[in-house]
Number of protein chains: 2
Amino acid sequence: MKQNPDTTTEQLILETAENLFLEKGFALTSTTEIARIAGCNQALVHYYFRTKDRLFDAVFEKNAGLFISAFLQGVEENISFEEKVRKKVEIQYDILKANPKMPFLFFNELNTNPKRLNLLKEKIGNLTKSFFLQMENELRVEIEKGTIRPMTAMNLMLTILSLNLVLFLASPVLKVITDMTDTEFQSLIESRKRENVTVILKSLRP
Amino acid sequence: MKQNPDTTTEQLILETAENLFLEKGFALTSTTEIARIAGCNQALVHYYFRTKDRLFDAVFEKNAGLFISAFLQGVEENISFEEKVRKKVEIQYDILKANPKMPFLFFNELNTNPKRLNLLKEKIGNLTKSFFLQMENELRVEIEKGTIRPMTAMNLMLTILSLNLVLFLASPVLKVITDMTDTEFQSLIESRKRENVTVILKSLRP
DNA sequence: GCATATATTAATAAGATTATTAAATAATAA
DNA sequence: TTATTATTTAATAATCTTATTAATATATGC
């Protein structure tokens, strides 16, 4: 059963589960299907992860971590504010580009399963608070210098997140209604990063 | 069983189904639960709509229509380009504000169910094409006049959609991780419309 | 090799879900 | 009233799901 000796069956199951969860979400994925695709007995899925819920948690935790890091990504370097913003946007965009299905899973499960919302809060509750405070401070300095217009951290954060997220959330819809080929869509993804940076930097101008 | 004589049982079932589908999506909503909440026998749900799929289609079609209208909304009036953009953004935002759960349903089902993607395409395939062409034309005129920077219709449309959508898609997450009260969140929704218009208009500047 | 632990499978219990059917009830028209 | 149609219900078939269990195969240490 083990095709690749480097991968344990447990890992194989986890990876298969991740792919399916990312593809169709929690509810539409069954442990039976996970086992079928992983090429093992269905009981084995439960042997390693006990319940479907725990298996999902393992997948979700990893992806939530990625998402949060994409979101809270800090830039320490000694560069101008404009360059800091640019870097922040680009790093977030790159993480999303490398994990294009992750936003779907994230929003889908947090919208449908309140339990997971609470888990998320426990995990990052105060992380965000300090993140916002720091951002507020940086913004205040720039606003007082007159280099950017008055603007709250919440609004800037929402703008960045919005622009970066939607392309990936909407990609299946976009591809179909605009009749784009995969390569056309790939080049849209490439060019969109620059556009997002432009929009955000222009939106900051006084 | 009929509490309100103005509403037929069929309508009641449809409305109940809509609420539940919007809340939890297709997969997590059962016809049994729809019947329980509508206060009728489960077989009745099937009597009126035959299958769960058809019932969902009825709900989805209505909501997809709303979404598309939010998206393709045209502004005919004889006003400046800047005012046209402002109106477009505001109208779309208002439709989303009036139907805050609709984007979740829309993206969730189109991401998980390819069948529905094809239905959507059939319905609006060429509508979008002419919409994009018109937008390209309007943009070209302004770009040649030098009133806005070079910019594709796709990018402008994506920017508008991104900014307007994400607040509603992310509302459950946002509320929880920022500890906002409902009234605080409500006022964020109010203020965000102005901010989106500002960002978009600034992003158009040469 | 043998004993022990680990991994894997087949079988199945328990419960939920969609959909159908036949019977009962309510509404309507003649 | 009575016949006919529309609405509603109870019962249930068929299928699928998660999860458990006991039995089998495989690996590991001694």
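**Some thoughts on the packing of aromatic side chains**
Under the counting rule described, the total for this entry stands at 18 aromatic pairs over all chains. Aromatic side chains A:Phe60 and A:Phe106 sit 5.9 Å apart centroid to centroid with 10° between the ring planes, which places their arrangement in the stacked category. With a gap of 46 residues between them, A:Phe60 in helix α4 (residues 52-72) and A:Phe106 in helix α6 (residues 102-112) connect regions that are remote in the sequence. With respect to burial, A:Phe60 and A:Phe106 carry one shared label: buried. For the pair B:Phe26 and B:Phe56, a centre-to-centre distance of 5.1 Å together with 80° between the ring planes defines the contact as edge-to-face. With B:Phe26 in the loop between α1 (9-24) and α2 (31-38) and B:Phe56 in helix α4 (residues 52-72), this residue pair connects regions lying 30 residues apart in the sequence.

**Let's talk about the protein's contact with DNA strand C**
Neighbouring residues of DNA strand C: 16 residues in total, closest A:Asn41, A:Tyr48, B:Thr31, B:His46 and B:Lys52. Among atoms of DNA strand C positioned within 4 Å of the protein, sugar and phosphate together represent 60%. A:Tyr48 is positioned with one of its side-chain polar atoms (N or O) 2.8 Å from a phosphate oxygen of DNA strand C. One of the side-chain nitrogen or oxygen atoms of B:Thr31 is found 3.0 Å away from a phosphate oxygen of DNA strand C. Elements represented by at least two residues in the surface near DNA strand C include exactly α3 (42-49) of chain A together with α2 and α3 (42-49) of chain B. Per-element accounting of the surface near DNA strand C gives the leading share, four residues, to α3(A). Looking at the surface near DNA strand C, its residues break down into six nonpolar, nine polar and one charged.

**Some remarks on the pattern of salt bridges**
Counted by the stated rule, this structure contains 28 salt bridges over all chains. A salt bridge links B:Arg149 to A:Glu195; its shortest N-O distance comes to 2.9 Å. Of this pair, B:Arg149 sits in the loop between α7 (114-145) and α8 (153-169) while A:Glu195 sits in helix α10 (residues 182-204), each in a different chain. With respect to burial, B:Arg149 and A:Glu195 carry one shared label: buried.

**Considering the side chain of A:Arg192**
Within the secondary structure, A:Arg192 is located in helix α10. Buried charge without a partner: A:Arg192 forms no salt bridge, and the closest opposite charge is A:Glu195, 4.6 Å away. Side chain to side chain, A:Arg192 and B:Asn155 meet in a polar contact 2.7 Å long. With residues near it in sequence (within four places) discarded, A:Arg192 still touches A:Tyr93, A:Leu163, A:Leu167, B:Asn155, B:Leu158, B:Thr159 and B:Ser162.

**A closer look at the relation of the copies chain B and chain A**
For the pair chain B and chain A, the relating rotation is 180°, the translation along its axis is 0.0 Å, and the fit reaches an RMSD of 0.1 Å. With respect to symmetry, the two chain copies, as superposed, fit the operation of a two-fold axis. An overlap of 100% is found between the interface residues of chain B and their copies at the interface of chain A, pointing to a shared contact surface.

**Section: the environment of B:Gly39**
Residues and elements named next belong to chain B. By the element assignment, Gly39 lies in the loop between α2 and α3. Here Gly39 falls in the partly exposed class, since its relative accessible area comes to 43%. Through-space distance from the C-alpha of Gly39 to that of Ile13 is 8.9 Å; in sequence the pair is 26 residues apart.

**Some points on the domain arrangement of chain A**
Interfaces are frequently sized by the accessible area removed from exposure as the parts join. Residues and elements named next belong to chain A. When the domains of chain A are assigned, the result is domain 1 (1-50) and domain 2 (59-204). For domain 1 versus domain 2, the distance between C-alpha centres works out to 30 Å. Taken together, the nine residues of domain 1 in the interface contact nine residues of domain 2. Roughly 740 Å² is buried in total at the junction of domain 1 and domain 2, and carbon and sulfur atoms are behind 58% of that figure. Contact with domain 2 buries surface across domain 1, with Glu18, Leu22 and Phe26 losing the most and accounting together for 63% of the total. At the surface where domain 1 touches domain 2, the tally comes to two salt bridges. Linking domain 1 to domain 2 there are four residue pairs in polar contact (both at pLDDT 80 or more).

The rules behind these values
- Residues numbered from 1 in each chain as written.
- Chains lettered and ligands numbered in written order.
- Predicted model: local features only at pLDDT ≥ 70, side-chain atom pairs only at ≥ 80, totals over all residues.
- Heavy atoms only, no water.
- Phe/Tyr/Trp six-rings, centres within 6.5 Å; stacked < 30°, edge-to-face > 60°.
- Helix = DSSP H or I, 4+ residues; strand = E, 2+ residues; numbered from the N terminus.
- Buried < 20%, exposed > 50% of the residue type's maximum accessible area, 1.4 Å probe, protein only.
- Near = heavy atom within 4 Å.
- Polar contact = N/O pair within 3.5 Å; in protein donor to acceptor, adjacent residues only side chain to side chain.
- Nonpolar A, V, L, I, M, F, W, Y, C, P; charged D, E, K, R; others polar.
- Salt bridge = Lys/Arg side-chain N within 4 Å of Asp/Glu carboxyl O.
- Lys, Arg positive; Asp, Glu negative; His and termini not counted.
- Contact = heavy atoms within 4.5 Å.
- Least-squares fit on C-alpha atoms with pLDDT ≥ 70 in both.
- Domains from an automatic or database assignment.
- Buried area = accessible area lost by both parts, 1.4 Å probe.

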